[in-house]
Amino acid sequence: MEEKMGRFFESVGNFFTGGDNIPWCDRDIIAGCERELADAATEEQRNDSLMRLSWALVHSRQTDDVNRGISMLEASLDNSGSPLQLREKMYLLAVGHYRNGDYSKSRQLVERCLEIQPDWRQAISLKKAIEDKIAKDGLIGIGIATTAVGLLVGGIAAAVARKK
């Protein structure tokens, strides 16, 4: 019984907190990636460093970092040398848009990733997180609308009762 209650409270907590499995990145990791980019000697090292920095930025808790990561990725999208590189950049863009709450853009990008590699577990997991978030936001919206209608009807009923 105790285990069932624990799972129940965990699922309720996940409902309100989002419960996705996408990692977060701290500011010190971003700073390390920026130093690595500044120290890159070759074009290949620079490209690798840019990808790591982009990853760190879109996984940040800071909106400015996420936006910066999105901008970097969008600017480098045309320079993708292979379908694998394009897939990686689109996935990171999808994560960034997910973090910013732009779920429709995130879903479009993750679906493009899945066109390139349909069995990619990271993209499948992100797509599920996006769909869960959209469903949760829809339920919350319905709850708010229902509450507003209930308060309106209650107010009208109270006003009518006072007049009698």
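In what follows, the structure referred to is the one given above.
Keep in mind it's a predicted model, so treat the numbers as computed, not measured.

A. Examining the packing of aromatic side chains more closely. Counted according to the given criterion, the structure contains 2 aromatic pairs. Measuring from ring centre to ring centre gives 5.0 Å for Tyr91 and Trp120, while their planes differ by 55°; the resulting arrangement is tilted. In this pair, Tyr91 sits in helix H5 (residues 83-99) while Trp120 sits in the loop between helix H6 (103-116) and helix H7 (121-163), placing the two residues 29 residues apart along the sequence. For the residue pair Tyr91 and Trp120, the accessibility class agrees, reading buried in each case. If you follow Arg87 out to its NZ or CZ, it ends over the ring of Trp120, 3.7 Å from the centre. One residue, Arg99, lies across the ring of Trp24, its end atom 3.6 Å from the ring centre.

B. Quick look at the pattern of salt bridges. A full pass over the atoms with the stated rule returns 6 salt bridges. The closest approach of N and O atoms between Arg87 and Glu88, which form a salt bridge, is 2.6 Å. A relative accessible area of 6% places Arg87 in the buried class. Owing to a relative accessible area of 27%, Glu88 belongs among the partly exposed residues under this scheme. As a salt-bridge pair, Lys127 and Glu111 come within 3.8 Å of each other at their nearest N and O atoms. Taken together, the residues span a long stretch of sequence, with Lys127 in helix H7 and Glu111 in helix H6 at a distance of 16 residues. You can call Lys127 partly exposed: its relative accessible area is 24%. Look at Glu111 and you get partly exposed, because its relative accessible area is 33%.

C. Representation of the packing of helix H3 (residues 43-58) against H5 within the structure. Put simply, H3 and H5 touch, their axes get as near as 9 Å, and they point 20° apart. Classified by the angle between their axes, H3 and H5 sit roughly parallel to one another. Pair H3 / H5 crosses with left-handed handedness. Taken together, the residues of H5 that come into contact with H3 (itself represented by Met51, Ser54, Trp55 and Val58) are Glu88, Lys89, Leu92, Val95, Gly96 and Arg99. Classifying every residue of the contact of H3 with H5 by side-chain character gives 5 nonpolar, 2 polar and 3 charged.

What counts as what
Residues numbered from 1 in each chain as written. Predicted model: local features only at pLDDT ≥ 70, side-chain atom pairs only at ≥ 80, totals over all residues. Heavy atoms only, no water. Phe/Tyr/Trp six-rings, centres within 6.5 Å; stacked < 30°, edge-to-face > 60°. Helix = DSSP H or I, 4+ residues; strand = E, 2+ residues; numbered from the N terminus. Buried < 20%, exposed > 50% of the residue type's maximum accessible area, 1.4 Å probe, protein only. Lys NZ or Arg CZ within 6 Å of the ring centre and 35° of its normal. Salt bridge = Lys/Arg side-chain N within 4 Å of Asp/Glu carboxyl O. Axes fitted to C-alpha atoms, helices over the stretch in contact; angles between N-to-C directions. Parallel < 35°, antiparallel > 145°, perpendicular 65-115°, else oblique. Left-handed = near helix turned anticlockwise from the far one by under 90°. Contact = heavy atoms within 4.5 Å. Nonpolar A, V, L, I, M, F, W, Y, C, P; charged D, E, K, R; others polar.

Bear in mind that shape data such as this cannot, by itself, settle questions of function.
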